[in-house]
Each structure stands twice: as C-alpha cells, then as structure tokens.
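Summary of the model geometry
So you can see what is in the structure, the chains are spelled out below.
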Amino acid sequence: MGRKVILDVDPGIDDAMAICLALGNPDLDVVAVTAVGGNVSPAQATRNVQAIIEQLDPPRWPRLGAASEPDNRLAVDRCGLYGSDGLGESGFVVAERQHLLPSEKVIWDQVRDAPHAVTIICLGPLTNIARVFLRDPEVATLVDRIIMTGGTVSGPGNITPAAEFNMYCDPISAQVVFRSPSTKTLIPLDVTNRVELCYDVFNKLPEESTRVGRLMRQLLPHAFRGYRRQFGLEGIHIHDTLTLMAAVRPELFTTKPMAGDVETQGELTIGQTIFDRRRVPAWRHNMEVAVEMQKEAVIDAILTGLKNDPHSTGGPA
Ligand code: RIB
Ligand code: CA
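Quick summary incoming for the structure in this document. From a predicted model like this one, the values you see are computed outputs, not experimental measurements.

Rules of the game
Residues numbered from 1 in each chain as written. Chains lettered and ligands numbered in written order. Predicted model: local features only at pLDDT ≥ 70, side-chain atom pairs only at ≥ 80, totals over all residues. Heavy atoms only, no water. Helix = DSSP H or I, 4+ residues; strand = E, 2+ residues; numbered from the N terminus. Rg over C-alpha atoms; globule rule 2.2 N^0.38 Å. Contact = heavy atoms within 4.5 Å. Lys, Arg positive; Asp, Glu negative; His and termini not counted. Charge placed at Lys NZ, Arg CZ, Asp CG, Glu CD. 1 Å grid on protein atoms, 1.4 Å probe; cavity = no way out; pocket = protein on both sides within 12 Å on 5 of 7 lines; lining within 4 Å. Points joined across faces, edges and corners; volume = space filled by probe spheres on them. Nonpolar A, V, L, I, M, F, W, Y, C, P; charged D, E, K, R; others polar. Donors = N, O, S within 2.8 Å, 3.2 Å for Na, K, Ca; no water. Buried < 20%, exposed > 50% of the residue type's maximum accessible area, 1.4 Å probe, protein only. Salt bridge = Lys/Arg side-chain N within 4 Å of Asp/Glu carboxyl O. Pairing = 2+ DSSP bridges. Axes fitted to C-alpha atoms, helices over the stretch in contact; angles between N-to-C directions. Near = heavy atom within 4 Å. Polar contact = N/O pair within 3.5 Å; in protein donor to acceptor, adjacent residues only side chain to side chain. Core = buried A, V, L, I, M, F, W, Y, C linked by side-chain atoms within 4.5 Å. Expected span 1.5 Å × (residues − 1). Bend = angle between axes of the 7 residues up to and from the residue.

Another aspect to go through is the overall build of the chain. Counting secondary structure elements, the chain contains 13 helices and twelve strands. A compact globule built from 317 residues should have a C-alpha radius of gyration of about 20 Å, and the chain, at 18 Å, falls within 12% of that. Considering only C-alpha atoms, the chain reaches an extent of 55 × 45 × 35 Å along its principal axes. The long-range fraction of contacts in the chain, counting pairs at least 24 apart against all pairs at least 6 apart in sequence, stands at 81%. Charge-centre separation for the chain: the mean point of 31 positive side chains lies 2 Å from the mean point of 39 negative side chains.

A few words now on the layout of surface pockets. Here the largest pocket defines a volume of roughly 190 Å³. Forming the boundary of the largest pocket are 13 residues, of which Asn25, Val248, Arg249, Ala301 and Asn308 lie nearest the centre. For the lining of the largest pocket, the elements supplying multiple residues, two or more each, are α1 (13-24), α11 (239-248) and α12 (295-306). The residue makeup of the lining of the largest pocket, split by class, is six nonpolar, five polar and two charged.

Coordination of the calcium ion (ligand 2) by the protein is provided by Asp10 (OD), Asp15 (OD), Asp15 (OD), Leu123 (O) and Asp240 (OD), with metal-donor distances spanning 2.2 to 2.6 Å. Read in sequence order, the donor residues for the calcium ion (ligand 2) give the motif D-x4-D-x107-L-x116-D. In this structure, Asp10 and Asp15 share a single accessibility class: buried.

Bringing the pattern of salt bridges into the picture now. Applying the stated criterion to the full structure yields 14 salt bridges. Between Arg131 and Glu104 there is a salt bridge whose closest N-O contact spans 3.6 Å. Of the two residues, Arg131 sits in helix α5 (residues 127-135) while Glu104 sits in helix α4 (residues 103-113), which places them 27 residues apart along the sequence. By the burial criterion, Arg131 is buried, and Glu104 matches it. Residue Asp136 is joined to Arg112 by a salt bridge in which the shortest nitrogen-to-oxygen separation is 3.0 Å.

With that out of the way, let us pick up the sheet that holds strand β3 (residues 63-65). Ordered by their spatial adjacency, eight strands build an open sheet running β3-β2-β1-β4-β5-β6-β12-β9, and the pairing between neighbours is mixed. Only two strands of the sheet have a single partner each, and these edge strands are β3 and β9 (253-258). Going from strand to strand, the sheet's axes swing by 25 degrees on average, the running direction of each strand aside. Of the strand pairs in this sheet, strand β1 (residues 3-9) and strand β4 (residues 118-122) are connected by five bridges, and their pairing is parallel. Counted as the bridge partner of Lys4 is Val118 from β4. Relative to strand β2 (residues 28-35), helix α2 (residues 42-56) is tilted by about 145 degrees, and along the sheet it contacts β1, β2 and β3. Most of the contacts of α4 go to β2, to which it runs at about 155 degrees, and overall it touches β1, β2, β3 and β4.

Residues in contact with ligand 1 amount to 13 residues; listed here are only the nearest, Asp14, Leu123, Asn158, Glu164 and Asp240. Within the contact set of ligand 1, an oxygen atom lies 3.1 Å away from a side-chain nitrogen or oxygen of Asn39. Note that an oxygen atom of ligand 1 is positioned 2.7 Å from one of the side-chain N or O atoms of Asp240. Breaking the shell around ligand 1 down by element, the ones donating at least two residues are α1, α7 (165-169) and α11.

Attention now moves to the nonpolar core. Core analysis: the biggest nonpolar cluster contains 67 residues, and Leu7, Ile19, Val33, Met216, Leu220 and Ile302 have the highest contact counts within it. Ranked by the residues each element gives to this core, the list is headed by α1, at nine residues. When neighbours within four sequence positions are excluded, Met216 is seen to be in contact with Ala16, Met17, Cys20, Leu205 and Pro221. Counting residues in hydrophobic clusters, the runner-up holds 32 residues, among them Leu126, Ile129, Leu186 and Met258.

A few words on α11. In terms of residue burial, α11 counts as a mostly covered element, since nine of its ten residues are buried. The set of residues buried in α11 consists of His239, Asp240, Thr241, Leu242, Thr243, Leu244, Met245, Ala246 and Ala247.

Next up on the list: helix α10 (residues 211-231). Compared with the 30 Å implied by 1.5 Å per residue over 21 residues, the 30 Å span of α10 between its first and last C-alpha is a close match. Of all bends in α10, the biggest is about 25 degrees, found at Arg217, and the proline Pro221 comes one to four residues later. Buried residues of α10: Val212, Gly213, Leu215, Met216, Leu219, Leu220, Pro221, His222, Ala223, Phe224, Gly226 and Tyr227, and no others.

Written out as structure tokens, the structure is:
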C-alpha cells in the first residue's frame, strides 16, 4: 500500500492540479480529500472537490469531506483568479451524492484509524486542521506530518503586502496549527513564486483523451487569463502543486528548521507569518521550512506525474 495522505483543499485551479498528481501517483494512497473554504465558499469548495473527483473517477475513490463555515474567516475575493466557481467557470454538474461528513470528522477518523501513518497535505486555509486539534489535541501528535502551502519568510504577501492568502483567510486557525506539537513542513511563497508555468505547458499535458488532460485543458486557460489580467503575467503560479511535489519528491527541496508563528491582530499585518531569525532566537523551532527547490527537476516531475493515469496503473500500489 502507498503512503497514506489526506489532501485538504480549497479548489482552486492549482489545488485541482495537485489532486490530479496525487491520485495518479502509485506511491500515494489518497485516503481522503477534504474541502475547506478559501478560494471559494465552503459550499463551493465541497462541490468542487466532488466535481474534480467525478471528472477523474479514480479506481478507488478517497473519502470526501464537506467544508463548513469557519469561525474566524476574513473575507477575500479570489474570483478574478480562478473564476466565480473557483474552477474557471467550468460549470461541472455534480451528481447529488450521499451526505458528506464534515472535513474535520473525516480527518479525525483517518488519523485515529492509522496513528503516525497519515500525512496531511494542506493546500488551503488551516480551518479544518485547527478544528481537529482543538477538539482532540492528542491528534496533533498522531499525524505523521503536515505539509502546508503558505506563508512567507522574507518575501511579500500575495493577498496583502504582509500576508499570504491561506494564512490570511483564517489566521487564528493558522496560529493554532503553527503552535501545535504536530510535525510540520511549510512551503512558502518565497519558494513557490519561483515557478511560473508558461503557455507551452499545453503542449506537454497528457492527451485530451485522458481524464487529466481533459480537466487541465478545461481549467488552465482561465488561470492564464486571470494571471494576465490581475498581474500582467504570461504565466501562472502553481503553489499547491509544488507543495504536493514537496511531499512526493522531498529530495528536490531543501528545508531548514525554523521557529514560526502567525499574526492574528495587526491591522496591516494580520495573517503574516513571522519567523524568529535573530542571531540568538528565543522561539523554539517548530517546523521545517522550504528554502530551496530544484526548479527544473520539479517541473519535469510535475509534467511526468500528470501523465500517470491511475486507470492504466490500476491505482495506488
Ligand atoms: O497563496 C497560495 C494559495 O492561495 C494556494 O493554495 C492557492 O490555491 C490559494 O488558495
Ligand atoms: Ca489552495
């Protein structure tokens, strides 16, 4: 059996690409995909998770979790980047499925069933993870590792001058997770901003006849338009896809132990991730933070990985 992973996502086109990679990776056993509000509302994130999984229809479906309203969400508008539905106005029809359990319940069940064996890959705000840790603090020590997209070490934010989107959306939950005793790895904007996929990616995607090839061709054009319109860029960032790669190909990333926390009050700095980099730090190291990435090798691994069709490989090993 492959490495058990949970994907906690707020799709989001880069989330969708990460889900494609994870489900096609024979070394991963994606036991759950749990929705969280962020790029879109909790209800839309839940629909988008169902839509993506239906489009990919993996041989063995992961458990799906439904996002719920966070207790401390900051309002943000990401429509410009990924569309009002978060998936490039793709308009996927979602089969009305049986009632989904809340994401935090699905996560709790999976970790309790397999202590020290589940990696949680967090690609959105940390609302669900904080809820699990607050309701059952022991679970923070039972998760094998949490690998998160987000934050900045010394670079600017992307939703305010100080804050990265995932941390800004729910800074109180982010602080709960940062301060938890869980084993954590953070993939910050300082690293993920270094990759901009250009339009030639369309020549390197899987055939349109494949599920992944079809889905990526439906979603990516909107992301390119959004990045051109909002930032004047001729390429797109794929933050979450890089975080997924840090989980499956850690040797392509360099991390260092750091002491991090999250600002939850500042009028201008709320959601900012702060690291104690003083010569004699007073804060205790509480996570590994990515500082370098073998960019070309990572991009090659992404394009190769997208071609792994679980239907041809028969799903996870
Ligand atoms: O800041 C990058 C993060 O914000 C990514 O997870 C992207 O999907 C958006 O949620
Ligand atoms: Ca995301």
